[in-house]
Amino acid sequence: MNMADHLKYSTVDIYIKEPKLRIAEIAITNTNSIDNKYKYNFIYDAKDGFVYGFYLIQRIIVALINIWPLVLIAAAVIYFLRKRKSSKNERPAIKE
């Protein structure tokens, strides 16, 4: 019973330590030419278009590399179907 009384009325000290270094980021707009933010920049967009086009070509090549077994199987099936079709056409007709 004595132990239960001590636990009920015990105190816990918690020490919280803050770091001394704080980093704050504040967005600053160019107040002299705030309209430039909304203008269309052709050179920048053209450069981005070339970059995204290059990445698209890379993705297509990687996709073709990933599906090479399917392309190989499809090519084999087409080859054998054409060979079978041409061999049927070369058979002589039976005359009676």
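Procedures and definitions
- Residues numbered from 1 in each chain as written.
- Predicted model: local features only at pLDDT ≥ 70, side-chain atom pairs only at ≥ 80, totals over all residues.
- Heavy atoms only, no water.
- pLDDT = per-residue confidence, 0-100.
- Helix = DSSP H or I, 4+ residues; strand = E, 2+ residues; numbered from the N terminus.
- Patch = residues over 30% accessible without salt bridge, like charges linked within 9 Å, V, L, I, M, F, W, Y side chains within 5 Å.
- Areas by Shrake-Rupley, 256 points an atom, 1.4 Å probe, with all protein chains shown as cover.
- Salt bridge = Lys/Arg side-chain N within 4 Å of Asp/Glu carboxyl O.
- Buried < 20%, exposed > 50% of the residue type's maximum accessible area, 1.4 Å probe, protein only.
- Phe/Tyr/Trp six-rings, centres within 6.5 Å; stacked < 30°, edge-to-face > 60°.

Colleague: Explain the confidence of the model for the chain residue by residue, including any values.
Modeller: Taken as a whole, the chain shows an average pLDDT of 78; of its residues, 66% reach a score of 70 or greater. Ranking the helices and strands of the chain by mean pLDDT puts helix α2 (residues 42-66) first, with 91, and helix α1 (residues 2-8) last, with 66.

Colleague: Now, about a nonpolar patch on the surface: what can you tell me, with residues and values included?
Modeller: A surface patch of nonpolar side chains, amounting to about 550 Å² of accessible area, comprises L56, I60, L64, I67, L70 and V71. Counting only elements with at least two residues in the nonpolar patch, the list comes to α2 and α3 (68-90). For the nonpolar patch, the element with the most residues is α2, which contributes three residues. In this structure, I67 sits in the loop between α2 and α3. Judged by its relative accessible area of 38%, I67 is partly exposed.

Colleague: Which residues make up the packing of aromatic side chains, and what are the values?
Modeller: Tallied over the entire structure, the rule returns two aromatic pairs. Between F54 and Y55, the aromatic rings sit 6.3 Å apart at their centres with planes inclined by 50°, giving tilted as the arrangement.

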